[in-house]
Amino acid sequence: MRIICAKWGEKYTDWHVKNLKHMIDTYSGIDYNKFEVFTKNNYNNMYNKLEIFDTYKDDENIYFDLDMIIYNKVPNLKRKGFTLMYDWWREPYHTPLNSSIVSWTNDISHIWKKFKSNDQYYLKKYPHSIDEFYFKEIEYNTFDKICYSIKGHQYDKEGNKDFSICTLGQMQHLMEKGWNGWWTEYFYS
Amino acid sequence: MLKICTVYFEGFYTPDYVSKLYNSLRKHTTVDFQFICLSDNKNVKADLILPYNHYSDVRKHWHKLKFFSPLFGNQQKNDDIIIMDIDQVILQDIDDLINWPVEENELVTYGQWWENKLGINGGFYKFKSGSLKFIWDDFIKSPEYWQLHYYNEGTVHKKYYGEQNYVKWKIIEHKAKLTKTPSEWLCKYTENYEENLRLNKMYMNKFNTDYMIMGDQVNDKIKIIHFTGVGRKINENYLR
């Protein structure tokens, strides 16, 4: 099985990659044999992630964003078809989906091919997020509630025991040096 | 513990502004404190340097607001927090200022004697750790909105200004108490000769005293010179 993350530009650093790997190796219980960092930057935005599906077309794959807190043993995340999260913790706005965690087995490169065939059109049509593209253009499955959001929980004393993964969403600043909370002890140092 | 916090990023000012503030604070107060600088320069003079992130959604001096969160800067419950701008020079004992009492849900700021509709001065904020955390928590929900809000509505005339307006609004919205230190402690200085004359006259009339500042001579009441205003730097005479 393959774990994948994506890093481009300056927002995330090698520390963020090490941190994700550290949390997966230390807390998640996920048994994998390949850890891949996807670094192609053709669009300079989240749409870069779509080419991952054209790059890894065999085996079982789980993709993680770099702004996650993994603090306990995770449920089985392996899926056959294209599976991502739904944002149960917020109003749907333009999409109810969240691709911070994506799972698939073998070849789902049709997603990349569809986007690539008319990329400028899709970039203009769904400028807010890649998740809106998935929602409106792609067949998908969703995980059960496997993750929650740090929003409103940054002052908690510990991670929610009903979950093992927490997304920082728009609160990536909490990963910067100088911020401390219940999540700090799980991060790579 | 008292933490005095500031922000320095490369561009407009130079690192010696931080050194000057640090040294003058140490020289002019007997109060024990930790000096924290949020900076992109690892060599600024501070007890603790925290990294300034150029790639976040938070811009320039808006990083100051991070210190309103009790999760930032190793804050402990019951800490007193002071946030200061680096464009100021301390001239004499400031124990009265540093020790100014502050309660939960209260913000202490410089009193100002010149025309100022805003009624708040971002050069000095003092508060109890965490008691005003709504200032950061509300901001970080929509940083891009707030950082341009006061420019977009025409209240400020430079993009990404308006941090003081935002803090004032949040203090009002959350019904926090706003307290001002004696305004005669503060000197407003400008490089413009005519404007300086006008400010001196205003100060003399307001406090029935001698001039505010003339050459190297500074009125005894003045504790701090704050070089307020967009794009203003500390006069080199005072940076030595």
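Up top you'll find the structure we're talking about.
Description of the structure in this document. Predicted model, so just to flag it, every value in this text is computed and none were measured.

1. What about the overall build of chain A?
- Regarding its fold elements, chain A presents 5 helices and 9 strands.
- Listing the helices and strands of chain A from first to last along the sequence gives β-α-β-α-β-β-β-β-α-α-α-β-β-β.
- Over its C-alpha atoms chain A spans a radius of gyration of 16 Å, differing by no more than 12% from the 16 Å that the globule rule assigns to 189 residues.
- Counting only residues that meet the buried cut, chain A has 32% of its 189 residues in that class.
- Across chain A, contacts joining residues at least 24 apart in sequence account for 70% of those joining residues at least 6 apart.

2. Notes on the overall build of chain B
- In terms of regular secondary structure, chain B is built from 7 helices and 12 strands.
- Since a compact globule built from 240 residues should have a radius of gyration of about 18 Å, the 17 Å found for chain B is in line with a globular shape.
- Projected onto its principal axes, the C-alpha coordinates of chain B cover approximately 45 × 40 × 35 Å.
- The buried share of chain B, reckoned over its 240 residues, is 37%.
- At a minimum sequence separation of 6, the contacts of chain B that also span at least 24 residues come to 72%.

3. A look at the pairing of strand β4 (residues 80–84) of chain B
All names here are of chain B.
- Among the 5 residues in β4, 5 count as buried, and that is most of the element.
- Of the two faces of β4, the one carrying D80, I82 and M84 and the one carrying I81 and I83 are both buried.
- As paired strands, strand β1 (residues 2–8) and β4 are joined by 4 bridges and run parallel to one another. Bridge pairing in β4 places K3 opposite I81.
- The pairing of β4 with strand β7 (residues 124–128) spans 5 bridges and is antiparallel. Counterpart to M84 in the pairing with β7 is F124.

4. Things to note about the packing of helix α3 (residues 134–141) of chain B against helix α5 (residues 163–173) of chain B
Residues and elements named next belong to chain B.
- Where α3 meets α5, the closest approach of the two axes is 10 Å, and the angle between their N-to-C directions is 115 degrees. The element α3 and its partner α5 pack so that their crossing is right-handed. Between α3 and α5, the residues in contact are F134, I135, D138 and F139 and Y166, V167 and K170, respectively.
- Its residues assigned to classes, the contact of α3 with α5 shows 5 nonpolar, no polar and 2 charged.

5. Looking at unusual backbone geometry
Residue and element names in this part refer to chain B.
- Of note in the backbone geometry, K60 takes a positive phi value of approximately 45 degrees without being a glycine.
- Among the structural elements, K60 can be located in the loop between β3 (48–51) and β4.
- Overall, the presence of 16 C-beta atoms within 10 Å leaves K60 in the partly exposed class.

6. A short note on the sheet that holds β3 of chain B
Residue and element names in this part refer to chain B.
- The strand order across the open sheet formed by 7 strands is β3-β2-β1-β4-β7-β6-β8, and the pairing between neighbours is mixed. Looking along the sheet, the strands with just one partner apiece sit at the ends: β3 and β8 (177–180). When strand polarity is set aside, the average angle formed by the axes of neighbouring strands in this sheet is 25 degrees.
- Examined bridge by bridge, strand β6 (residues 106–109) and β8 share 4 bridges and lie parallel to one another. Each bridged residue has a counterpart across the sheet, and for E106 the counterpart in β8 is K177.
- Packed onto the sheet, helix α1 (residues 16–28) meets β1, β2 (34–39) and β4 and runs at close to 160 degrees relative to β1.

7. Overview of the pairing of β6 of chain B
- Pairing of β6 of chain B with β7 of chain B involves 2 bridges; the strand directions are antiparallel. By the bridge assignment, T109 of chain B is partnered in β7 of chain B with Y125 of chain B.

8. Digging into the environment of K78 of chain A
Residue and element names in this part refer to chain A.
- In this structure, K78 sits in the loop between β4 (68–70) and β5 (83–86).
- Separated by 48 residues in the primary sequence, K78 and I30 have C-alpha atoms spaced 9.9 Å apart.
- In contact with K78, not counting residues within four places along its chain, are M1, E60 and S103.

9. Brief notes about the environment of N41 of chain A
Residues and elements named next belong to chain A.
- Tracing the backbone through its elements, the reader meets N41 in the loop between β2 (34–38) and α2 (52–55).
- Distance from N41 to G9, taken between C-alpha atoms, is 7.6 Å for residues 32 residues apart in sequence.
- If we skip the residues at most four places from it in the chain, N41 touches W8, G9 and N48.

10. Thoughts on the environment of K114 of chain A
Residues and elements named next belong to chain A.
- With respect to the helices and strands, the residue K114 is situated in helix α3 (residues 110–117).
- A count of 15 C-beta atoms within 10 Å places K114 in the partly exposed class.
- Along the chain, K114 and I138 lie 24 residues apart, while their C-alpha atoms are 9.0 Å from each other.

The rules behind these values
Residues numbered from 1 in each chain as written. Chains lettered and ligands numbered in written order. Predicted model: local features only at pLDDT ≥ 70, side-chain atom pairs only at ≥ 80, totals over all residues. Helix = DSSP H or I, 4+ residues; strand = E, 2+ residues; numbered from the N terminus. Rg over C-alpha atoms; globule rule 2.2 N^0.38 Å. Buried ≥ 20, exposed ≤ 12 C-beta atoms within 10 Å, placed from the backbone. Contact = placed C-beta atoms within 7 Å. Pairing = 2+ DSSP bridges. Axes fitted to C-alpha atoms, helices over the stretch in contact; angles between N-to-C directions. Left-handed = near helix turned anticlockwise from the far one by under 90°. Nonpolar A, V, L, I, M, F, W, Y, C, P; charged D, E, K, R; others polar.

Nothing here speaks to function; it is geometry throughout.
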